[in-house]
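# Per-entry structural report
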Amino acid sequence: MHTVKHWFSHSLAAQALVLFVLGLGLAAVFRRDGHPALWAVQSLVYTAVVIGVVAYQRRRASRATGARPDTLIDLGRRIRHREVPEDHEEREVMRWLVEDQLGKLERGGRWLPYWLGFMGLTAVGMLVLGVTTGSPALPVVFGVGVIVFSCWLVWIRKRAIERYQHMRSALRERG
């Protein structure tokens, strides 16, 4: 299992393959009336856009720190496991990575109440739509799904902030 996780985290081709198959499956489920070739083209376009964004972010972080993208991925794993590197250069790269990610989370936090309010209105609207229509199953499931997704996002964000703040203080202690 470790090698599969390592392969997926380090290989953009593996991530692209998973995204393509997932996009193709979702298109097949939700667009049954469409042609399978259209599903494949849409999935390919979505995959290309997402992988392009991921590659750009990795290249940006790599240029800013002077480290290879593989090193940044390993440092991200170390942050998740709360491991402080012994090497001074790795600590400097990790310090930049932690500050960059905390900055992104803080900037995103400004919009979080509006985002959650919009998601709440969407969920309530779907629940009301489900109750007032003859077939409430799909809107109710979607509304509950939106609520669960919003709670999951808040929980993941809280965990990420705790990890980055812990690593920031651990890196300050090491100097």
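Up top is the structure these notes are about.
Treat the numbers as computed from the prediction; the structure is a model and nothing was measured.

Let us now look at the packing of helix 4 (residues 69-80) against helix 6 (residues 137-174). Contact geometry for helix 4 and helix 6: axes closest at 9 Å, N-to-C directions at 95°. In terms of their interaxial angle, helix 4 and helix 6 are classed as roughly perpendicular. Residues Arg 78, Ile 79 and Arg 80 of helix 4 form the contact with helix 6, whose participating residues are Arg 163, Tyr 164 and Met 167. Along the lines of polarity and charge, the residues of the contact of helix 4 with helix 6 split into three nonpolar, no polar and three charged.

Over its 30 residues, helix 3 (residues 36-65) runs 43 Å from end to end, which matches the ideal 44 Å to within 8%, given 1.5 Å per residue. For helix 3, the full list of buried residues reads Trp 39, Gln 42, Ser 43, Thr 47, Ile 51, Arg 58, Ala 61, Ser 62 and Thr 65.

For the rest of this paragraph, the subject is the environment of Ala 64. With respect to the helices, strands and loops of the structure, Ala 64 is situated in helix 3. A relative accessible area of 45% places Ala 64 in the partly exposed class. Counting along the chain gives 58 residues from Ala 64 to His 6, while the straight-line C-alpha distance between them is 24 Å.

Moving on: the layout of surface pockets. The gaps of empty space that remain are located by a probe, the size of a water molecule, rolled over the atoms. Here the largest pocket is characterised by a volume of approximately 880 Å³. The element contributing the most residues to the lining of the largest pocket is helix 4, with seven residues. Partitioned by chemical class, the residues of the lining of the largest pocket number 11 nonpolar, four polar and eight charged. What the second largest pocket holds in volume is close to 240 Å³. When contributions to the lining of the second largest pocket are tallied by element, the ones reaching two or more residues are helix 1 (2-10) and helix 4.

In this section: a nonpolar patch on the surface. On the surface, Val 4, Trp 7, Phe 8, Leu 17, Val 18 and Val 21 cluster together to form a nonpolar patch covering roughly 520 Å² of accessible area. For the nonpolar patch, the secondary structure elements donating two or more residues are helix 1 and helix 2 (12-30). Summarising the element assignment, Val 4 is placed in helix 1.

As a further point, take helix 4. Helical geometry: 3.6 residues make up each α-helical turn, so side chains three or four residues apart lie on a common side. Taking 1.5 Å per residue as the helical rise, helix 4 with its 12 residues ought to reach 16 Å, and the 17 Å between its terminal C-alpha atoms agrees with that figure. One or two residues past the end of helix 4 sits Arg 82, with phi positive at roughly 60°.

This part is about the nonpolar core. Residues Ile 79, Met 94, Val 98, Tyr 164, Met 167 and Leu 171 are the most contacted members of the largest nonpolar core, which totals 16 residues. When contributions to this core are tallied by element, the ones reaching two or more residues are helix 4, helix 5 (88-132) and helix 6. Here this core gets six residues from one element, more than from any other, and that element is helix 5. Not counting residues up to four positions away in its chain, the partners in contact with Leu 171 are Val 84, Arg 91, Met 94, Arg 95 and Val 98.

Rules and cut-offs
- Here, residues in each chain are numbered from 1, in the same order as that chain's written sequence.
- Local features are withheld for residues below a pLDDT of 70 in this predicted model, meaning they are given only at 70 or higher, and side-chain atom pairs are given and counted only at 80 or more; totals for whole chains, interfaces and linings count all residues.
- Here the side-chain values reflect all heavy atoms present in the structure, with hydrogen atoms and water set aside.
- Helix axes use the C-alpha atoms of the stretch in contact, all axes being lines fitted to C-alpha atoms, and the angles between their N-to-C directions lie in the range 0 to 180 degrees.
- Strands here mean DSSP runs of E at least two residues long; helices mean DSSP runs of H or I at least four residues long; both are numbered from the N terminus.
- We call two directions roughly parallel when the angle between them is under 35 degrees, roughly antiparallel when it is over 145, roughly perpendicular when it lies between 65 and 115, and oblique otherwise.
- Any two residues whose heavy atoms approach within 4.5 Å at even a single point are treated as in contact.
- Any residue that is not Ala, Val, Leu, Ile, Met, Phe, Trp, Tyr, Cys, Pro, Asp, Glu, Lys or Arg is counted as polar, Gly included; the first ten are nonpolar and the last four charged.
- Under the convention used throughout, the expected extent of a helix is 1.5 Å for every residue step, that is, one less than its residue count.
- Only protein chains enter the area calculation, which uses a 1.4 Å probe; residues under 20% of their type maximum are buried, those over 50% are exposed, and those in between are partly exposed.
- Grid points spaced at 1 Å over the protein atoms alone were grouped into cavities, where a 1.4 Å probe fits but cannot get out, and pockets, open sets with protein on both sides within 12 Å along at least five of seven lines, with lining residues defined by an atom within 4 Å of a point.
- Grid points are joined across faces, edges and corners, and a volume is the space filled by probe spheres set on the points.
- Residues enter patches when they are more than 30% accessible in relative terms and free of salt bridges; like-charged ones are connected within 9 Å and nonpolar ones (Val, Leu, Ile, Met, Phe, Trp, Tyr) within 5 Å.
- Each accessible area is a Shrake-Rupley estimate made with a 1.4 Å probe; only the visible protein chains count as cover when residues are assessed.
- Whenever a carboxyl oxygen of Asp or Glu lies within 4 Å of a side-chain nitrogen of Lys or Arg, that contact is scored as a salt bridge.
- Only buried Ala, Val, Leu, Ile, Met, Phe, Trp, Tyr and Cys residues count toward a nonpolar core, and they belong to the same one when joined by side-chain atoms within 4.5 Å.

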